[in-house]
Amino acid sequence: DVLQKELNSEGGQNVFQDRFITIRNGRYVVPVARHKKGEVSGIVHDHSNSGQTLFMELNKTLELGNNLADARLEEDDECRRIRKKLSEMTRERVDELILNQDCMKQLDGAFSVGRWGCDHDCVVPTFSNRFSLFQARHPLLEQQLKQTGQGDEIVPLDVDIDPETKAMVVTGSNSGGKTVAVKTAGLLCAAAQAGFPLPVDERTEIPCFNYIYVDIGDEQSLSENLSTFTGHVKRIKDILDALNSKEGKSFVVLDELGTGTDPLEGGALACAVLDELRRKAELTFVTTHLGAIKNFVHNQPDMVNASVRFNPETLTPEFKLDIGQPGSSHALAIAEQ
């Protein structure tokens, strides 16, 4: 108020550069033209970038500024006293506060999972010795399609396997959904065991696995001197080593088994890997294009072929999984299209 009266006074109109009040170094100041400095009684606290304006604390408000500075020091002391007291009170109840924080984290996680389940129309699956996914949707794919206005175009996945089956090999057309099918199965198994409801039909039953091992994608690496083939082989070796060293039920998902090398040798190696996984893993899902693997699986009582459906008239995939029969890659037809 005092400064505002000075700015608005008759004499102030000739002395002050502008009609505003600001703060410098915690003190209230007004702008004074440098050549008018001698006409103002006060202390210079700062100047403008050009140096033509000085920010001065007037003598008339010096005592008020001192009183305000004292009050701020007292306020700081009081804040420190309060924080010290609160810290002492907290220290006395630290065990209860930690317990309360743990409860809040669990509740926050539970509500988040519940909200996610409602958003994706999920149900809590039944755990049993049977692997049966009905109307399963990959949540990331579904979210992506919804964002682009194509939510109704997602094709749910049905996978119903006899408990005696140890491996399922998925074949069929390129871009037909083989990898998405096995990814969906692996992801939903992991999600269920993490306590998530699943975007599936309520008839769904899945086993409880101790471990889930996955080799999906090209592991080619210049820095690690790995080709596409050796990248896959290294991952498969790591999975087999883990199966040898750990007890419990394991679920293995391998994408494009046997690729990256001569088809005859790759197919033979893939059959050997499947034979080993049959003995060591509870369940294995594989995708491939190799005919040798299809023939091998056809002759194994505890393995089953499956294929992604393809419309030969429109040359388009239908993204449905047919269990019990292998499928053709339709590579030439798709390439021609």
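Read on for a plain summary of the structure. (Residues numbered from 1 in each chain as written. Predicted model: local features only at pLDDT ≥ 70, side-chain atom pairs only at ≥ 80, totals over all residues. Heavy atoms only, no water.)

Topic: the pattern of salt bridges
Going through the model one piece at a time under the given rule, you end up with 20 salt bridges. Close ionic contact of Asp275 with Arg279 constitutes a salt bridge, the shortest N to O distance being 3.2 Å. One end of the pair, Asp275, and the other, Arg279, are both in helix H8 (residues 263–280), 4 residues apart, so they sit about a helical turn from each other. Residue class for Asp275 comes out partly exposed when judged on its relative accessible area of 23%. Using a relative accessible area of 55% as the deciding quantity, one classes Arg279 as exposed. Here Asp322 ties to Arg309 by a salt bridge, and the two come within 2.7 Å at their closest N and O atoms. Residue Asp322 is found in strand E14 (residues 316–323), and its partner Arg309 is found in strand E13 (residues 303–311); the two are separated by 13 residues along the sequence. Residues joined in a network through salt bridges with shared partners are Asp275, Glu276, Arg278, Arg279, Lys280 and Asp302. (Salt bridge = Lys/Arg side-chain N within 4 Å of Asp/Glu carboxyl O. Helix = DSSP H or I, 4+ residues; strand = E, 2+ residues; numbered from the N terminus. Buried < 20%, exposed > 50% of the residue type's maximum accessible area, 1.4 Å probe, protein only.)

Regarding empty space enclosed by the protein
In this structure the tally under the stated criterion is 1 cavity of 30 Å³ or more. Size it by volume and the largest cavity reaches roughly 30 Å³. If you trace the largest cavity, you find it lined by Asp215, His232, Ile236, Leu254, Asp255, Glu256, Leu257 and Gly258. Classifying every residue of the lining of the largest cavity gives 3 nonpolar, 2 polar and 3 charged. (1 Å grid on protein atoms, 1.4 Å probe; cavity = no way out; pocket = protein on both sides within 12 Å on 5 of 7 lines; lining within 4 Å. Points joined across faces, edges and corners; volume = space filled by probe spheres on them. Nonpolar A, V, L, I, M, F, W, Y, C, P; charged D, E, K, R; others polar.)

With respect to the sheet that holds strand E8 (residues 167–172)
Within a sheet, neighbouring strands are paired by backbone hydrogen bonds and run either parallel or antiparallel to one another. If you trace the 6 strands from one edge of the open sheet to the other, you get E10-E11-E12-E8-E13-E14, paired in mixed fashion. With partners counted over all chains shown, the strands left at the sheet margins are strand E10 (211–215) and E14, one partner each. On average, each strand axis in the sheet is tilted by 15° relative to the strand beside it, whichever way the strands run. (Pairing = 2+ DSSP bridges. Axes fitted to C-alpha atoms, helices over the stretch in contact; angles between N-to-C directions.)

Observations regarding the sheet that holds strand E2 (residues 27–33)
Ordered by their spatial adjacency, 4 strands build an open sheet running E1-E2-E4-E3, and the pairing between neighbours is antiparallel. The open sheet terminates on both sides in strands that have one partner only, identified here as strand E1 (22–24) and strand E3 (42–47). For this sheet the average axis-to-axis angle between neighbouring strands, irrespective of direction, equals 50°. Across 5 bridges, E3 lies against strand E4 (residues 53–58) in antiparallel orientation. Of the residues in E4, the one forming a bridge with His47 is Leu54. Contacting E2, E3 and E4, helix H3 (residues 62–92) crosses the sheet at an angle of about 145° to E2. (Contact = heavy atoms within 4.5 Å.)

Let's talk about the layout of surface pockets
When its volume is computed, the largest pocket comes out at roughly 310 Å³. In terms of lining residues, the largest pocket is bounded by 19 residues, among which Leu141, Ile154, Val155, Val180 and Phe319 are the most central. Elements that contribute at least two residues to the lining of the largest pocket include exactly helix H5 (139–147), helix H6 (178–193) and E14. Looking at the lining of the largest pocket residue by residue, the class counts come to 12 nonpolar, 4 polar and 3 charged.

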